[in-house]
Amino acid sequence: MGTVTTSDGIEIFYKDWGSGQPIVFSHGWPLSADDWDTQLLFFLQHGYRVVAHDRRGHGRSTQTGDGHDMAHYAADLRAVVEALDLHDAIHVGHSTGGGEVAHYIGTYGEDRVARAVLISAVPPIMVQTENNPGGLPKSVFDDLQAQLAKNRSEFYRALPSGPFYGFNRPGVESSEAIIENWWRQGMMGGAKAHYDGIVAFSQTDFTGDLKKITVPVLVMHGEDDQIVPYADSAPLSAKLVQNGTLKSYPGFPHGMPTTQADTINADLLEWLQSS
């Protein structure tokens, strides 16, 4: 574990375990590298080098007041990749992290990239626009910002208790430990970063980034995702990249890397070993 200092003076915390081909994990909003603990241990035990960082303003990275946009997120990821001299890397992004991965590759190219994986990811674009009529109205994201500004702690209890992990669905058993860990990670980060991050993950259009990606891409998405609805995300992303594979999961929620880790890890490992 250590930190990388970016060109604008931000310290980015990262974990770097093991050896072998690197898998670089980019987490979702408003969490941290800790959200990947199950994946880090699983792929470490399968011979990979695993790397995960806290996005600026999140977790243990600098709680800066600015730079909370995809351009800075991608630049920070590039700083980590270069500092650790990673080559032939597999980039895995969940939710907002999927947007970060797409924009990183779209901006900096594939010279250090072998493959990419988008899990429950926000691309191509979440917000409803003239060119994206199936997106969510901007009012949905305005409401998220309002709830965060009013009482972040309560908001960060309600979201994982309900739609994030599908614990609001009939017959789904809730896990207090998972809810508390989500809250813990969220409250570690900065309110300003999380407030601005809602705009970053919802309004950024990743269409151009996706079209540039030629390496193999696995798109994994739960069909009961209540945060990033399936129909306007995964199938479109898989078509926009030049070498995409779509893997959908009936009934799985947005937070499926945690609640369905056994399935997600096994499927991801199989795809990595498939060629």
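Residues numbered from 1 in each chain as written. Predicted model: local features only at pLDDT ≥ 70, side-chain atom pairs only at ≥ 80, totals over all residues. Heavy atoms only, no water.

A.B. asks: Tell me what's going on with the pattern of salt bridges, and back it up with residues and numbers.
C.D. replies: Throughout the structure, instances matching the rule amount to 16 salt bridges. A salt bridge links Lys 15 to Asp 37; its shortest N-O distance comes to 3.2 Å. Here the residue Lys 15 occupies a position in strand E2 (residues 11–17), and Asp 37 occupies one in helix H1 (residues 37–45), the gap between them amounting to 22 residues. Given a relative accessible area of 5%, Lys 15 falls into the buried group. A salt bridge links Glu 100 to Arg 55; the shortest N-O distance between them is 2.7 Å. Taken together, the residues span a long stretch of sequence, with Glu 100 in helix H3 (residues 96–108) and Arg 55 in the loop between strand E4 (49–53) and helix H2 (70–83) at a distance of 45 residues. Taking the relative accessible area as the measure of exposure, Glu 100 reaches 0% and is therefore buried. (Salt bridge = Lys/Arg side-chain N within 4 Å of Asp/Glu carboxyl O. Helix = DSSP H or I, 4+ residues; strand = E, 2+ residues; numbered from the N terminus. Buried < 20%, exposed > 50% of the residue type's maximum accessible area, 1.4 Å probe, protein only.)

A.B. asks: Give me the lowdown on the pairing of strand E5 (residues 89–94), citing residues and values where you can.
C.D. replies: Across the six residues of E5, six count as buried, placing the element largely inside the fold. Pairing analysis gives four bridges linking strand E3 (residues 22–26) to E5, with the strands arranged parallel. Of the residues in E5, the one forming a bridge with Ser 26 is Gly 93. Both E5 and strand E6 (residues 113–119) contribute to a ladder of six bridges, which runs parallel. (Pairing = 2+ DSSP bridges.)

A.B. asks: Mind laying out the nonpolar core, listing which residues take part and the relevant values?
C.D. replies: Counting residues in hydrophobic clusters, the biggest one holds 56 residues, and the most contacted among them are Trp 29, Trp 182 and Phe 201. The biggest single contributor to this core is H2, with seven residues. Dropping the residues within four chain positions of it, Phe 201 is found in contact with Trp 29, Met 70, Thr 96, Val 122, Met 126, Phe 141 and Leu 144. Formed by 23 residues, the second largest nonpolar core is a distinct cluster that contains Leu 40, Tyr 48, Phe 252 and Leu 272. (Core = buried A, V, L, I, M, F, W, Y, C linked by side-chain atoms within 4.5 Å. Contact = heavy atoms within 4.5 Å.)

A.B. asks: Summarise helix H7 (residues 191–203); cite the residues concerned and give the values.
C.D. replies: Along its 13 residues, H7 runs 19 Å from first to last C-alpha, staying within 8% of the 18 Å computed at 1.5 Å per residue. Its axis deflected by about 25° at Gly 197, H7 carries its strongest bend there. Taken as a whole, H7 has its buried residues at Ala 193, His 194, Asp 196, Gly 197, Ile 198, Ala 200, Phe 201 and Ser 202. Residues of H7 that are buried make contact with H2, H3, helix H4 (138–150), helix H5 (152–161) and helix H6 (176–188). (Expected span 1.5 Å × (residues − 1). Bend = angle between axes of the 7 residues up to and from the residue.)

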